[in-house]
Amino acid sequence: MVQVSQKASTGSGRELELYFGPQHLGMVGNFSITLKVEGDRVVKATANPGYLHRGFEKLMEYRTWIQNFPMVCRINVVEPDSMEMVYAMAVEKLAGIEVPERAQYIRSIYLELARVASHLFGLWAYSNMLGFDTPAQWAMYHRDLVLDLFEELTGGRVYHIYIWPGGVRRDFPEGFKDRIVSTLHSIGGCVPDYDATFFNNRLFYDRGRGVGQLSQEQAKALGATGPVLRATGMKFDIRKVEPYAAYDKVEWEVPTRQQGDAYSRIWVVRDEMIESVHMIFKLLDAMPGGKVYNRIPNPFKWRIPPGEAYVRCESSRGELGLYLVSNGGEKPYRVHFRTPSYPHGLTILEKALEGASIADVGNTMISLYVVAPEIDR
Amino acid sequence: MDRNQIGKWLRNPAKMANKYSLHAVYFCTGCGIIEIPPVITTRWDAERFGVLPVATPRQGNLFMITGYVSLKTLKAIIRTYEQMPDPKYTVGFGSCPINGGMYWDSYNTIKHLDRYIPVDGWIAGCMPRPEAVFVGVTHLWTLIDKGKADGYLRYRKNYAAYRRNQEMLFGELDWSPLYPVGDEAEEAKR
Amino acid sequence: MNASLRTGLEATFKGVEVTGPRDGMMSVSAPSDSIPVVLGYLKDQGLDHLALVSCVDWIDQGKFEVIYLLTCYMRNDTDYSAEQRLHVLLRTEVPRESPSLRSVIEVFANAEPYEREIHELYGVHFEGHPRLIPLFLERHYEVPPFRKDFDTRAYVEQTFGSIPPVED
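Please read these numbers as outputs of a predicted model, since none were measured by experiment.

## Some words on the overall build of chain B
For chain B, the helix and strand inventory stands at nine helices and five strands. Secondary structure elements of chain B occur, N-terminal to C-terminal, as α-α-β-α-β-β-α-β-α-β-α-α-α-α. In terms of overall dimensions, chain B is globule-like: its C-alpha atoms have a radius of gyration of 17 Å, near the 16 Å expected for 190 residues. The buried share of chain B, reckoned over its 190 residues, is 55%.

Next up, the structure:
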């Protein structure tokens, strides 16, 4: 719902202030943009975050290291697994805990499944916004099939709490490998349908080409990472730059495009999904046996030696980092998440919306791949 | 349709039509946005229960508050709720609106939603499964049948208390009262 | 690159202490008024990604520590070498009573929301920032909420616990 404010700011009568507010059919997540428009063109856009601020980092200082694991996944509701991974990596780095090799492979497979699910959610949001309802419904349905796999492995559809410091919580159940393969085959078999209805559609090209255009220099200067940066041609992916888990043990390519507009960004998302599926098959073939976690001493009274650590991983939205400071106690001293949606949703959004038409506001916002809870934490 | 249903439809068609076509206002308030798209798309199809998302609060009569409510969001929720036409039903989704949930010690989230707007039912979980949403909707049907889903009537009756709670939390509110309070209420009664 | 970075920093700036690199992390301590210049120098050396601006409240020592975390983007398409994985933490200290720093927006344009957030949640003032208005919070708090002397549980009890339920 667009609320028209009576207070036009310049007094010339030419500008109008609109709220692309929190209650809006095109807004995924609780986020608001204030637009100053003149006719159909946006003159200035201001992002208003804060609707989802819980003070996470303050709350985490009141809970012990282990009690923070269920908290940490709720920062990014669409892909909670990368949050668990980065917190576990930071804690393991500070405490000096090793992870067995089978657990590294399992973590990679688990994170790639989460990436597929998250990209399908993004595809639902974007194609719904443009009005393509059919591929949106398909994408949600296929995401549910992947969530069924998660439910069998961890017990929960959305919040899994599977990655544990020292490994993962439990091993794959009997026959799980075959179920992963058959689910991914059934999703992958629908890629020609997605291409025919959405990706190769002339209407998507007309609506996405040139919208929210960023050059590589602009993207770098404004702190972009993830699909937003890879759509401008740079092959920057933390899984290659600073490999973690088992990503350096399989062959894979980083997909990029050259133009840097909404069309390129969504094509990068599609290519990443297909690459993730291939990567999961290769990881399943190469996975060794062995145990899946190293026990941590007495998790309820666990003290971690003082120090600081910055670790990063590649979530589906971009570079996710965690700066963790410990002062030797049972609780963290300072936790700061560097979430990828923070520069995308605040700095880059305001820049990309200048001069856009009102019809392209939602288009740009969702193609910048922003998850609102990540901004506010 | 069996004979019981035909009887109910003939006796009170407005109530039956209202019950089986609850249109939900599309407002993603918190964590729960992650389970709303599965509920309204093909796998767990909510439209067979009559629940459909609509664009504006003026067109909706079911308000699902999905997840925790921060202070800024509460202002938006109150304004949205007041714009919905009567009869309207509110469902609290997740354990955070009930008593604060896992953010019970956060300085920016409210702890009890029913002190600010009236709530007809709660669905527990973090996040509730889509089947739990449908159990909640069918339970709401039973409450509507018995006449117990009267949140909007309670809001009208106790508006002074709700408004006082909202003002205790926010200070001066920049929207005018929905129903007359104080002296104007006395005037209206006379 | 790492060795030359360290010697270059120590030669160019007085008062700068460099530790590391150890475990892929190099820590640079600089006085608070030289931060924009040191950041500009590091950006010219190839560290062009400002990932994070963070603040830690060391209440026992009476200071705030503001951290600027720098890494590099890629120099060319196939360069995934180990040298590029360096994390440089540029840190500075400000006193807790009247914390103030110069804004680094001219050097890195994406530092703008980070500085707004630190101002709102810790109370650190950034000179030269174009809009230091609230980002997340809906109201003004006496003590900025992320400081260690703000007790969030007591605040919750006092603010939300005092609102009575609506009786029927």
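## What about the pairing of strand β3 (residues 62–66) of chain B?
Residue and element names in this part refer to chain B. Counted residue by residue, β3 has five buried out of five residues, so it is predominantly covered. Burial along β3 is two-sided: L62, M64 and T66 facing one way and F63 and I65 facing the other are all buried. Sheet analysis places β3 next to strand β4 (residues 89–93), joined by five bridges and oriented parallel. Bridging across to β4, L62 finds its partner in Y89. Once the chain exits β3 it traverses helix α4 (residues 71–83) before rejoining the sheet at β4, and the crossover so formed is right-handed.

## Considerations on the interface of chain C and chain B
In many reports, interface size means the accessible area that the parts give up when they come together. Opposite the 23 residues of chain C that make contact, chain B presents 23 residues. The contact between chain C and chain B buries some 2000 Å² in all, and 58% of this surface belongs to carbon and sulfur atoms. The largest contributions to the chain C side of the interface with chain B come from F160, I163 and V166 of chain C, which together make up 33% of the buried area. Linking E138 of chain C and K75 of chain B is a salt bridge whose minimum nitrogen-to-oxygen distance equals 3.2 Å. At the boundary of chain C with chain B, the tally comes to seven residue pairs in polar contact (both at pLDDT 80 or more). It is helix α4 (residues 152–159) of chain C that provides the largest number of residues to the side of chain C that touches chain B, a total of five residues. Residue classes in the side of chain C that touches chain B are distributed as 15 nonpolar, three polar and five charged.

## Looking at the interface of chain A and chain C
On the chain C side, the residues contacting the 46 residues of chain A number 44 residues. Taken together, both faces of the contact between chain A and chain C bury some 4000 Å²; the carbon and sulfur share is 57%. Its largest share of buried area at the contact with chain C, chain A owes to K58, Y333 and Y342 of chain A, together 16% of the area lost on that side. Run the count over chain A and chain C and you get five salt bridges. Two residues, E350 of chain A and R131 of chain C, come together in a salt bridge whose shortest N-O distance is 2.8 Å.

## Focus: the pattern of salt bridges
All names here are of chain A. According to the stated counting rule, one finds 47 salt bridges over all chains in the structure shown. Ionic pairing is found between D261 and R209, a salt bridge with its closest N-O pair at 3.0 Å. Residue D261 is found in the loop between α11 (238–241) and α12 (262–286), and its partner R209 is found in the loop between α8 (202–208) and α9 (216–221); the two are separated by 52 residues along the sequence. Between E242 and R312 there is a salt bridge, and its shortest N-O distance comes to 2.8 Å. With E242 in the loop between α11 and α12 and R312 in strand β7 (residues 307–315), this pair connects stretches of sequence that are 70 residues apart. Residue R312 is classed as buried on the basis of its relative accessible area, which comes to 1%. One connected set of salt bridges, linked through shared partners, spans E112, R115, R230, D237, R239, E272 and E314.

## A word on the sheet that holds strand β8 (residues 318–326) of chain A
One key point about sheets: their strands pair by backbone hydrogen bonds, in either a parallel or an antiparallel sense. Residues and elements named next belong to chain A. On the basis of which strands lie adjacent, the open sheet formed by three strands has the order β7-β8-β9 and antiparallel pairing. Both edges of this open sheet fall to β7 and β9 (334–338), since each of them pairs with a single strand only. When strand polarity is set aside, the average angle formed by the axes of neighbouring strands in this sheet is 15°. Across nine bridges, β7 lies against β8 in antiparallel orientation. By the bridge assignment, E308 is partnered in β8 with V325. Helix α3 (residues 80–95) rests against β7, β8 and β9 of the sheet, and its axis sits at about 150° to β7.

## Examining the sheet that holds strand β5 (residues 87–95) of chain C
All names here are of chain C. Within the open sheet, the five strands sit side by side as β1-β2-β5-β4-β3. Their pairing is mixed. On the outer flanks of this sheet lie β1 (17–22) and β3 (49–58), each paired with one strand and no other. Between one strand and the next, the sheet's axes are offset by a mean angle of 20°, whatever the strand orientation. The sheet contact formed by strand β2 (residues 25–29) and β5 spans five bridges and is parallel. Looking at β5, one finds that S29 is bridged to R91. On top of the sheet, helix α2 (residues 35–44) reaches β4 (63–71) and β5; it is set at about 175° to β5, its chief contact.

## Side note on the side chain of E84 of chain A
Residue and element names in this part refer to chain A. Along the chain, the position of E84 falls in helix α3. Within the buried core, E84 has no salt-bridge partner, and the shortest N-O distance to an opposite charge, that of R169, equals 7.5 Å. At a separation of 3.5 Å, a polar atom in the side chain of E84 contacts the side chain of Y110. Residue contacts for E84: discarding those within four places in its chain leaves F69, V72, C73, Y110, H160, I161, Y162 and I163.

## A short note on the packing of aromatic side chains
When we look at a pair of aromatic rings, we describe it by the centre distance and by the angle of the planes. Applying the stated rule across the entire model yields 42 aromatic pairs over all chains. Note on Y81 of chain B and Y155 of chain B: the rings are 5.2 Å apart at their centroids and 85° apart in plane angle, and the pair reads as edge-to-face. Taken together, the residues Y81 of chain B in helix α4 and Y155 of chain B in helix α7 (residues 151–157) connect sequence positions 74 residues apart. By way of ring pairs, the aromatic residues Y126, F132, F198, F199, F204, Y205, Y263 and W267 of chain A are connected into one cluster. Positioned above the aromatic ring of Y247 of chain A is the side chain of R239 of chain A, whose terminal nitrogen or guanidinium carbon lies 5.7 Å from the ring centre.

What counts, and at which threshold
Residues numbered from 1 in each chain as written. Chains lettered and ligands numbered in written order. Predicted model: local features only at pLDDT ≥ 70, side-chain atom pairs only at ≥ 80, totals over all residues. Heavy atoms only, no water. Helix = DSSP H or I, 4+ residues; strand = E, 2+ residues; numbered from the N terminus. Rg over C-alpha atoms; globule rule 2.2 N^0.38 Å. Buried < 20%, exposed > 50% of the residue type's maximum accessible area, 1.4 Å probe, protein only. Pairing = 2+ DSSP bridges. Right-handed = clockwise from strand over helix to strand, strands pointing away. Contact = heavy atoms within 4.5 Å. Buried area = accessible area lost by both parts, 1.4 Å probe. Salt bridge = Lys/Arg side-chain N within 4 Å of Asp/Glu carboxyl O. Polar contact = N/O pair within 3.5 Å; in protein donor to acceptor, adjacent residues only side chain to side chain. Nonpolar A, V, L, I, M, F, W, Y, C, P; charged D, E, K, R; others polar. Axes fitted to C-alpha atoms, helices over the stretch in contact; angles between N-to-C directions. Lys, Arg positive; Asp, Glu negative; His and termini not counted. Phe/Tyr/Trp six-rings, centres within 6.5 Å; stacked < 30°, edge-to-face > 60°. Lys NZ or Arg CZ within 6 Å of the ring centre and 35° of its normal.

Keep in mind that these numbers describe shape and distance, not what the molecule does.
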